[in-house]
Amino acid sequence: MMIRISKLTKPLLATAFLFAGTIAFNTVSAQSSSQAKMKTFIDGLMAKMTLEEKIGQLNLVVGGEATTGSVVSTGVEDKIKKGQVGGIFSVTSPQRIRKVQELAVKNSRLKIPIIFGLDVIHGYRTIFPIPLGLAASWDMGLIQQSARVAAQEASADGLNWTFSPMVDISRDPRWGRIAESSGEDPFLGSAIARAMVKGYQGDNLAANNTLMACVKHFALYGAPEAGRDYLSVDMSHIKMYNDYFPPYKAAVDAGVGSVMSSFNDVDGIPASANKWLLTDVLRKQWGFKGLVVSDYTSVNEMIDHGLGDLKAVSALSLKAGMDMDMVGEGFLTTLKASLKEGKITQAEIDRACRNVLEAKYKLGLFEDPFRYCDDNRAQTEIFSDTHRKIARETAARSFVLLKNQGVLPLQRKGTIALVGPLADAKENMVGTWAVSADVSKATSLLAGLKAVAGSNVNIVYAKGANVADSLLEARTSIFGKPWQRDNRHPDTLIAEALRAAANADVIVAAVGELAEFTGEASSRTDITLPQSQRKLLHALNATGKPVVAVLFTGRPLAIPEEDKHLPAILNVWFGGSEAGYAIGDVLFGDVNPSGKLPATFPRNVGQVPIYYSYKNSGRPQGTDEFQKFRSGYLDERNSPLYPFGYGLSYTSFGYSDITLSSKKLKGAQKLTATITVTNTGKYAGEEVVQLYLRDLVASNTRPLKELKGFQKISLKPGESKQVSFTVTTDDLKFYDHNLKHIWEAGEFTLFMGGNSRDTKSINFWWDK
Ligand code: BGC
């Protein structure tokens, strides 16, 4: 999809292209000369390295502040001095990093600097919404900015590498790591992948305020069987190429510096030893030139996958294209013997070593190993007022209004009963994978709402219920975020909540998931609200007062009952350190919600996997009503509760019919599709205008709809805007059964609307 160029800007652009031609030529030659310089430098260095030192560079150890496996690194100091460590993650602060770097550049024989990584996933200390929430903003500028802020803060704290973005497509809300993803769609996911890489890396990896990004988890990690983390993935190549690969490729095309392999197997071979994946697809087909790192002990875990002992799996992994081994030390301890036995080659070790050294070179570490160790930057650049303000705005724009029967926005008067286990829970606000967050600095909804409400509003609070039963709560308490239970009887808690609600004009119920209900190893088979909270909501609703549910979640939840009975539901994901204020901003209407779902919300977990871009069966139901011998369920409708792309606003938007520049196109022509969107309500608001295509007749079965463009626009009450998209034959392309990226002539349907379900449509023909 291309941005439309108006007539006026065209001559200017032509001149710009002329200059761009010279600039492009200069850039290419500058690039090749810097490539040549890098090669000469690394050739020289590698000529001095022993086999042990080369293998040492392939070793990535964990510093111990955060671990995600049962294995941790030991004897690190000694190994650094011996040149047996290429990188470290989870050590932070310029002082500590300086100390570790000194060990390497003063005590090891060749003084090769270490690369310092961390899981900077959605912010460093200033925490942004979880990635699924960020995706719901559909705002690439905001998403890029969030990565920029994260890079600024993390690099000010001495780091130069982040294990992000995670771009695994997921269509299974049982899988806990859907929270870290951009949801179900490859087009949206690819746009986000590009924005994140640009945000982290900027234009210059060697600048002291950028981080090298690491796109993960390559590949297909978001599609494990039964939604159970780490489990096997079995998928056709057509599906991989069309639906699951695009975001990884987008990150590669955007110049991502590193790629992390995934834990799962792909087509019968674990990703960490999958040569087809790591070499044929990644390097040969996509031209990736950077560093490939394993996931946490994923090399060793291939023993449990049944691929052999540590020596065998390490050799397989290196041969497949792995450069760096995270934590497991299979490379460090076995590659030398494998080389002797002829199981691997010197060239394979050299390739991996070169890729690690090149990453360090690009980060500028050979020039100055302490480039990121500025003792002063952290004081002013981390958790600054500016960053917190950006995080608050970003959070507010990630929330999705799922239902509103005239209750929201709240008025700044009267009494609000704020009830629920997540109302006064600042440690829960940041969400999963925020290892560097200082949760004590996050703002709870209670504190945020009070601050935003001002003095005319009386807010009374009661907990009302525990989040869930104690076993589920206990299982989800990691990374120093213990959960406080209220051990009083559930009825006592509800009675207290009802007392708080007795004099209120409106009840705001803060319900949903604990942060660690999602994230790694946090799959669920039941994606409804826990029973304790459903009972509370039922009791609150029975008061007859309007109940606004503020829903905290890291995954699509199945909430048909809540949708049926409650007048308003605002989905706030886990909005980060400033979310308490941001929720207040939206509840009181200072910010009009504009988020749209990046993943379908099912009615029932039995519908999973559920996503909008499915293919027709030969017996489609056509309607949502059950019909015998048609594709459907006896006990549930086919349609989701809330479709992909869905989200309400305090205002309403009207869509005109679509006009096309032509209904018959040929070859390289371009199609312009235009629609007029009008704000038909009382509030200024933003709308995400979405464009979908369907290929009506093709040589392969094609999805019923595929997102091919979106624009976020803002409209004042009564205002109309024309929104245009340019469609080219690139947008018609798909990978066919031969994995050729082709488009086929024929008839297409183009849809436009504010979500994937409610759209206007028009057909056109495109000939070769
Ligand atoms: C996760 C990765 C993460 C790594 C390092 C693993 O368990 O799967 O996403 O980057 O740990 O913390």
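Sequence positions are assigned chain by chain, starting from 1 and proceeding in written order. Totals for whole chains, interfaces and linings use all residues, but because this is a predicted model, local features are given only for residues with pLDDT of at least 70 and pairs of side-chain atoms are given and counted only at 80 or more. Heavy atoms throughout the structure, all of them, feed into the side-chain values; hydrogens and water do not.

- As recorded by an unreviewed UniProt entry, the protein carries the name beta-glucosidase and is attributed to Flavihumibacter stibioxidans.
- What UniProt states about the protein under its Catalytic activity (unreviewed entry) heading is, verbatim, "Hydrolysis of terminal, non-reducing beta-D-glucosyl residues with release of beta-D-glucose." UniProt positions are given in the numbering used here, feature names are shortened, and annotations may be inferred rather than shown by experiment.

1. A closer look at the overall build of the protein
Right, so step 1: Of regular secondary structure, the protein possesses 21 helices and 27 strands.
Right, so step 2: By its C-alpha atoms, the protein is 80 × 70 × 55 Å across when sized along the principal axes.
Right, so step 3: Taken across its 768 residues, the protein has 59% of its residues classed as buried.
Right, so step 4: Residue pairs in contact within the protein that sit at least 24 positions apart in sequence constitute 79% of those at least 6 positions apart. Numbering of helices and strands starts at the N terminus; helices are DSSP runs of H or I of at least 4 residues and strands are runs of E of at least 2. Partly exposed describes any residue whose relative accessible area lies between the buried limit of under 20% and the exposed limit of over 50%, with all areas from a 1.4 Å probe on protein chains only and scaled to the type maximum. Throughout, a contact is declared for two residues whenever any of their heavy atoms are within 4.5 Å.

2. Description of the UniProt feature "domain: Fibronectin type III-like" (unreviewed entry) in the protein
Right, so step 1: In this numbering, the UniProt entry assigns the feature "domain: Fibronectin type III-like" (unreviewed entry) to residues 687-756.
Right, so step 2: Taken end to end, residues 687-756 has its terminal C-alpha atoms 13 Å apart, with 0% of it in helix and 56% in strand.

3. Focus on the packing of helix 8 (residues 237-244) against helix 10 (residues 275-285)
Right, so step 1: It is at 15 Å that the axes of helix 8 and helix 10 come closest, and there the two elements cross at 50°. With respect to each other, helix 8 and helix 10 are oriented oblique. Judged by the sense of rotation from one axis to the other, the crossing of helix 8 with helix 10 is right-handed. Within the contact between the two elements, helix 8 uses His237, Met240 and Tyr241 and helix 10 uses Trp276, Val281 and Gln285. Simply put, an axis is a line fit to the C-alpha atoms, just over the touching stretch for a helix, and the angle between two N-to-C directions goes from 0 to 180 degrees. For classification, angles of less than 35 degrees are called roughly parallel, those exceeding 145 degrees roughly antiparallel, those between 65 and 115 degrees roughly perpendicular, and all remaining angles oblique. With the far helix as reference, a near helix turned anticlockwise by less than a right angle produces a left-handed crossing, and one turned clockwise produces a right-handed crossing.

4. What to know about the confidence of the model for the protein
Right, so step 1: Values of pLDDT, the confidence the predictor places in each residue, fall between 0 and 100. Across the protein, the average pLDDT comes to 94, with 95% of residues at or above 70.
Right, so step 2: Confidence over residues 1-23 falls short of pLDDT 50; this stretch has 15 contacts with residues more than four positions distant or in other chains.

5. Brief notes about the sheet that holds strand 26 (residues 746-753)
Either a parallel or an antiparallel arrangement is found when strands of a sheet pair, and the pairing is made through backbone hydrogen bonds.
Right, so step 1: Two strands form a pair only when DSSP identifies at least two bridges running between them. Read across the open sheet, the 5 strands follow the order 19-27-26-21-22; overall the sheet is mixed. If you trace the sheet from one side to the other, it starts and ends with strand 19 (664-666) and strand 22 (706-715), each paired once. Across this sheet, the average inter-strand angle for adjacent strands is 25°, counted without regard to direction.
Right, so step 2: Pairing geometry for strand 21 (residues 685-695) and strand 22, over 9 bridges, is antiparallel. Across the sheet, residue Leu693 finds its bridge partner in strand 22, namely Glu706.

6. A closer look at the nonpolar core
Right, so step 1: The definition of a nonpolar core used throughout is a set of buried Ala, Val, Leu, Ile, Met, Phe, Trp, Tyr and Cys residues joined through side-chain atoms within 4.5 Å. Formed by 133 residues in total, the largest nonpolar core has its most connected members in Ile80, Ile88, Trp161, Phe218, Leu220 and Phe245.
Right, so step 2: Apart from the residues within four sequence positions on either side, Phe245 is in contact with Phe218, Ala219, Leu220, Met240, Trp276, Leu277, Val281 and Trp286.

7. Digging into the pattern of salt bridges
Right, so step 1: One speaks of a salt bridge when a side-chain nitrogen belonging to Lys or Arg is within 4 Å of a carboxyl oxygen belonging to Asp or Glu. This structure, assessed with the given rule, holds 41 salt bridges.
Right, so step 2: Note that Arg637 is salt-bridged to Asp624, the shortest N-O span being 3.9 Å. Residue Arg637 is located in the loop between helix 21 (579-587) and strand 17 (653-655), and its partner Asp624 is located in the loop between helix 21 and strand 17; the two are separated by 13 residues in the primary sequence.
Right, so step 3: For Arg637, a relative accessible area of 41% translates into the label partly exposed.
Right, so step 4: Its salt-bridge partner being Arg702, residue Glu706 comes within 2.9 Å of it at the nearest N-O pair. Each member of the pair, Glu706 as well as Arg702, is classed as buried.

8. Notes on helix 16 (residues 445-453)
Right, so step 1: Considered for burial, the residues of helix 16 that qualify are Leu445, Leu446, Gly448, Leu449, Val452 and Ala453. Axial view of helix 16: buried residues confined to an arc of 165°, hence all on one face.
Right, so step 2: Among the structural elements, helix 15 (385-396), strand 12 (414-419), strand 13 (457-462), strand 14 (506-512), strand 15 (547-552) and helix 21 are those in contact with the buried residues of helix 16. The arc under discussion is defined with respect to the helix axis, by the directions toward the C-beta atoms.

9. Comments concerning the sheet that holds strand 2 (residues 87-89)
Right, so step 1: What the 5 strands build is an open sheet, ordered 4-3-2-1-10; its pairing is parallel. Of all the strands in the sheet, the pair left with one neighbour each is strand 4 (161-162) and strand 10 (325-326).
Right, so step 2: Where strand 1 (residues 59-62) meets strand 10, 2 bridges bridge the pair, whose relative direction is parallel. Of the residues in strand 10, the one forming a bridge with Asn59 is Asp325.

10. A few points about the pairing of strand 16 (residues 568-571)
Right, so step 1: Residues of strand 16 alternate between two faces, with Ala568 and Leu570 on one and Ile569 and Asn571 on the opposite face, all of them buried.
Right, so step 2: Pairing geometry for strand 11 (residues 400-404) and strand 16, over 4 bridges, is antiparallel. When the sheet's bridge partners are listed, Lys403 is paired in strand 16 with Ile569.
Right, so step 3: Pairing analysis gives 4 bridges linking strand 15 to strand 16, with the strands arranged parallel. If you follow Val548 over to strand 16, its bridge partner there is Ala568.
Right, so step 4: As for the winding sense of the linkage, the β-α-β connection from strand 15 through helix 20 (residues 560-565) to strand 16 is right-handed. For a crossover, the right-handed case is the one in which the path from the first strand over the helix to the second runs clockwise, viewed with the strands pointing away from the viewer.

11. What about the packing of helix 8 against helix 9 (residues 246-253)?
Right, so step 1: Direction vectors running N to C along helix 8 and helix 9 enclose 55°, while the axes themselves pass 6 Å from each other. Classified by the interaxial angle, the pair formed by helix 8 and helix 9 is oblique. Contacts between helix 8 and helix 9 involve Met240, Tyr241, Asn242, Asp243 and Tyr244 from the first element and Pro246, Pro247 and Tyr248 from the second.
Right, so step 2: Residue classes follow a fixed rule: Ala, Val, Leu, Ile, Met, Phe, Trp, Tyr, Cys and Pro count as nonpolar, while Asp, Glu, Lys and Arg count as charged, and any other residue, Gly among them, counts as polar. Class assignment for the residues of the contact of helix 8 with helix 9 results in 6 nonpolar, 1 polar and 1 charged.

12. Some thoughts on unusual backbone geometry
Right, so step 1: A cis amide bond, omega -5°, links Lys216 with the succeeding residue His217.
Right, so step 2: With respect to the secondary-structure elements, His217 resides in strand 5 (residues 214-218).
Right, so step 3: Cis geometry marks the peptide bond from Phe218 to Ala219; its omega dihedral reads 10°.
Right, so step 4: At Val327, a residue that is not glycine, the phi angle is positive and equals roughly 70°.
Right, so step 5: Structurally, the position occupied by Val327 is in the loop between strand 10 and helix 12 (330-340).
Right, so step 6: Even without being a glycine, Ala521 presents a positive backbone phi close to 55°.
Right, so step 7: Within the secondary structure layout, Ala521 lies in the loop between strand 14 and helix 19 (531-541).

13. Some remarks on the packing of aromatic side chains
Right, so step 1: Under the pairing criterion, centres of Phe, Tyr and Trp rings, with the six-membered ring standing for Trp, must be within 6.5 Å; the plane angle then separates stacked pairs below 30 degrees from edge-to-face pairs above 60, leaving the rest tilted. For the structure shown, the criterion picks out 29 aromatic pairs.
Right, so step 2: Between Trp138 and Phe710, the ring centres sit 5.2 Å apart and the planes meet at 80°, which makes this aromatic pair edge-to-face. Of this pair, Trp138 sits in the loop between helix 5 (131-136) and helix 6 (140-156) while Phe710 sits in strand 22, and the two are 572 residues apart along the sequence. Summarising the burial analysis for this pair, Trp138 and Phe710 share the class buried.
Right, so step 3: Judged by centre distance (5.5 Å) and plane angle (90°), the ring pair of Phe245 and Trp286 falls under edge-to-face. Of this pair, Phe245 sits in the loop between helix 8 and helix 9 while Trp286 sits in the loop between helix 10 and strand 9 (291-293), and the two are 41 residues apart along the sequence. With respect to class, Phe245 is no different from Trp286; both count as buried.
Right, so step 4: By the ring-pair criterion, three or more aromatic residues cluster together here, those being Phe218, Tyr241, Phe245, Tyr248, Trp276, Trp286 and Tyr735.

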